[in-house]
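Here's the letter readout for the chains.
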Amino acid sequence: MSFMQPDRFFSRITRVDIERDLRACGRTHVLLDVDNTILTRDTGEVPRDIGAWLARARMAGISFCLVSNNWHQSVFDLAAELELPLVARSVKPLPPAFLLGMHKIGAKRRNTVVIGDQLITDCMGGHFLGMPVYMVLPLVEADLKHTLMLRHVEKLFIGGLRPEDEGTGMPEGVVATVRAKDVAATGARDSAR
């Protein structure tokens, strides 16, 4: 796998199967990005399904540390609300924040995975330290101006990804979502006739 490509690519964190994609792979610790990975950038909320997924993962013995470049009070409030350790102002992709995050949850590189929505911060940071990286699509398109600029660079690398699902060029989980929308649209057209 390329240094600038994630080891796995998912449409949403909830598509990461806790047993198959984490525990069975020996990944019992997660360094988790915040903005647009678990917290929507537009409303500043953790979607209900993501909150439930985090709770199930914790019950299954997965430990998390939030690692965020965010420095605002809101990220500290979120960490307190979720009762998760936090490394804020992390200056990802530089390694110190990832190392501090692992220290906070007693993790080793061999049992840790980085999950985030950006290649340049999350993927590079995890790969600097030899850890696997699971990338997710951003929850919403709204983002900071500098992040939106970086997303243009990311497209150069993402375009070459060969995802694991049906060779569609889309991350895992997107195919089912697209098909469900197609079925719903077809059903709506049929009922309108």
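Structure: above.
Residues numbered from 1 in each chain as written. Predicted model: local features only at pLDDT ≥ 70, side-chain atom pairs only at ≥ 80, totals over all residues. Heavy atoms only, no water.

### Structural notes on the sheet that holds strand E3 (residues 63-67)
- Read from one edge of the open sheet, six strands run E1-E6-E5-E2-E3-E4, paired in parallel fashion. The open sheet is flanked by strand E1 (8-10) and strand E4 (86-87), the only strands paired with a single partner.
- Where strand E2 (residues 29-32) and E3 come together, four bridges link them in parallel fashion. Bridge pairing links Leu-31 to Cys-65 in E3.
- Running at roughly 170° to strand E6 (residues 133-136), helix H5 (residues 119-128) makes contact with strand E5 (112-116) and E6 of the sheet. (Pairing = 2+ DSSP bridges. Helix = DSSP H or I, 4+ residues; strand = E, 2+ residues; numbered from the N terminus. Contact = heavy atoms within 4.5 Å. Axes fitted to C-alpha atoms, helices over the stretch in contact; angles between N-to-C directions.)

### Examining H5
- Taking burial as the measure, the 10 residues of H5 include nine buried ones, the bulk of the element.
- When H5 is considered as a whole, its buried residues turn out to be Leu-119, Ile-120, Thr-121, Asp-122, Cys-123, Met-124, Gly-125, Gly-126 and His-127.
- The first or second residue beyond H5 is Gly-130, which carries a positive phi of 75°. (Buried < 20%, exposed > 50% of the residue type's maximum accessible area, 1.4 Å probe, protein only.)

### Points about helix H3 (residues 73-82)
- Looking at H3, one finds that the buried residues are Val-75, Leu-78, Ala-79 and Leu-82. Relative to the axis of H3, the buried residues are bounded by an arc of 100° and lie together on one face. Facing away from the buried surface of H3 by more than 90 degrees, the exposed residues are Gln-73, Ala-80 and Glu-81.
- Residues of H3 that are buried make contact with helix H2 (48-59), E3 and E4.
- Positive backbone phi, approximately 55°, marks Glu-83, located one or two places after H3. (Arc of directions from axis to C-beta.)

### Quick look at the environment of Asp-35
- With respect to the helices, strands and loops of the structure, Asp-35 is situated in the loop between E2 and H2.
- Ignoring any residue separated from it by four or fewer positions in sequence, one finds Asp-35 in contact with Arg-41, Ser-68, Asn-70 and Asp-117.
- Here Asn-70 takes part through its side chain, which lies 3.1 Å from a polar atom of the side chain of Asp-35. (Polar contact = N/O pair within 3.5 Å; in protein donor to acceptor, adjacent residues only side chain to side chain.)

### What about the nonpolar core?
- Membership of the largest hydrophobic core comes to 29 residues, with the highest contact counts inside it found for Leu-32, Ile-38 and Phe-64.
- If you list the elements that add at least two residues to this core, you get helix H1 (18-22), E2, H2, E3, H3, E5 and E6.
- Excluding its chain neighbours within four sequence positions, the residues that come into contact with Ile-38 are Ile-13, Leu-32, Asp-33, Glu-45, Val-46, Pro-47, Ile-50, Leu-54, Leu-66, Leu-78, Leu-82 and Leu-139.
- Listed in part, the 20 residues of the second largest apolar core include Phe-9, Leu-31, Ala-97 and Met-131. (Core = buried A, V, L, I, M, F, W, Y, C linked by side-chain atoms within 4.5 Å.)

### Focus: the packing of aromatic side chains
- Summed over the entire model, instances satisfying the criterion amount to two aromatic pairs.
- Note on Phe-10 and Tyr-134: the rings are 5.5 Å apart at their centroids and 55° apart in plane angle, and the pair reads as tilted. Of this pair, Phe-10 sits in strand E1 while Tyr-134 sits in strand E6, and the two are 124 residues apart along the sequence. One exposure class covers both Phe-10 and Tyr-134, and it is buried. (Phe/Tyr/Trp six-rings, centres within 6.5 Å; stacked < 30°, edge-to-face > 60°.)

### Some remarks on the pattern of salt bridges
- A complete count under the given rule lists six salt bridges for this structure.
- Between Asp-49 and Arg-12 there is a salt bridge, with the nearest N and O atoms lying 2.8 Å from each other. With Asp-49 in helix H2 and Arg-12 in the loop between E1 and H1, this residue pair connects regions lying 37 residues apart in the sequence.
- Across the salt bridge formed by Arg-20 and Asp-21, the nearest N and O atoms sit 3.2 Å from each other.
- Residue class for Arg-20 comes out partly exposed when judged on its relative accessible area of 49%.
- One connected set of salt bridges, linked through shared partners, spans Arg-8, Arg-20 and Asp-21. (Salt bridge = Lys/Arg side-chain N within 4 Å of Asp/Glu carboxyl O.)

### Details of the pairing of E2
- Both faces of E2 are covered, namely the face carrying His-29 and Leu-31 and the face carrying Val-30 and Leu-32.
- Handedness of the crossover is the feature at issue here: the chain leaves E2, passes through H2, returns alongside E3, and the resulting connection is right-handed.
- Two strands pair when backbone bridges link them, and E2 and E5 are joined in this way by four bridges, in the parallel orientation. For Leu-31, the partnering residue across the bridge sits in E5 and is Val-114. (Right-handed = clockwise from strand over helix to strand, strands pointing away.)

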